[in-house]
Amino acid sequence: MNTKILSALAEPNRLHIVELLRDSPLTVGEIADRLQIRQPQASKHLRVLYDAGIVEFYAEANRRIYKLRSEPFKELNSWLEQYREMWEENFDRLDRYLQELQKNEEKLK
């Protein structure tokens, strides 16, 4: 797992930027306005997200329009899948145990 991705997403403003970009591409100014932060701050956060490979941008006239890249989220999902499988196995064992307890209780009645 690329720790740069997790590190970039750990900062609340950057996570909010990712949530904004999930809906549609936005300019730096639009991001700054929606988060109510100054444009240089938004640019700084976008640079970290860009360096981590989370966002990309394209130029349109004198504006940079940022959008999410899918690859880091696929990588993150793949990494999390290992933990989902572990928890599903644990829940399955718990379910079997609870069913066994229920059967034993019914036998005692």
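Use the structure listed above.
The sections below set out a description of the structure shown in this document. What you see is a predicted model; the values in this text were computed from it and never measured. (Residues numbered from 1 in each chain as written. Predicted model: local features only at pLDDT ≥ 70, side-chain atom pairs only at ≥ 80, totals over all residues. Heavy atoms only, no water.)

**Brief notes about the pairing of strand E2 (residues 55-60)**
Bridge count between E2 and strand E3 (residues 63-68): six bridges; the pairing is antiparallel. Paired with Val-55 across the bridge in E3 is Leu-68. Adjacent in sequence and paired antiparallel, E2 and E3 are bridged by two residues, among which Ala-61 carries a positive phi angle near 60°. (Pairing = 2+ DSSP bridges. Helix = DSSP H or I, 4+ residues; strand = E, 2+ residues; numbered from the N terminus.)

**Notes on unusual backbone geometry**
Even without a glycine there, the phi angle at Gln-36 is positive, about 55°. Overall, the relative accessible area of 73% leaves Gln-36 in the exposed class. The phi angle at Ala-61 is positive, at roughly 60°, despite the residue not being glycine. Within the element layout of this structure, Ala-61 appears in the loop between E2 and E3. (Buried < 20%, exposed > 50% of the residue type's maximum accessible area, 1.4 Å probe, protein only.)

**What to know about the sheet that holds E3**
Taken in spatial order, the three strands line up as E1-E3-E2 in an open sheet, and their pairing is antiparallel. Looking along the sheet, the strands with just one partner apiece sit at the ends: strand E1 (26-27) and E2. Against the sheet, helix H2 (residues 12-23) touches E1, E2 and E3, its axis set at about 90° to E3. (Contact = heavy atoms within 4.5 Å. Axes fitted to C-alpha atoms, helices over the stretch in contact; angles between N-to-C directions.)

**Considering the pattern of salt bridges**
On inspection of all chains with the given rule, the structure shows six salt bridges. Residue Glu-60 pairs with Arg-63 through a salt bridge whose shortest N-O separation is 3.2 Å. Residue classification places Glu-60 among the partly exposed positions, given a relative accessible area of 40%. Here Arg-63 falls in the partly exposed class, since its relative accessible area comes to 40%. (Salt bridge = Lys/Arg side-chain N within 4 Å of Asp/Glu carboxyl O.)

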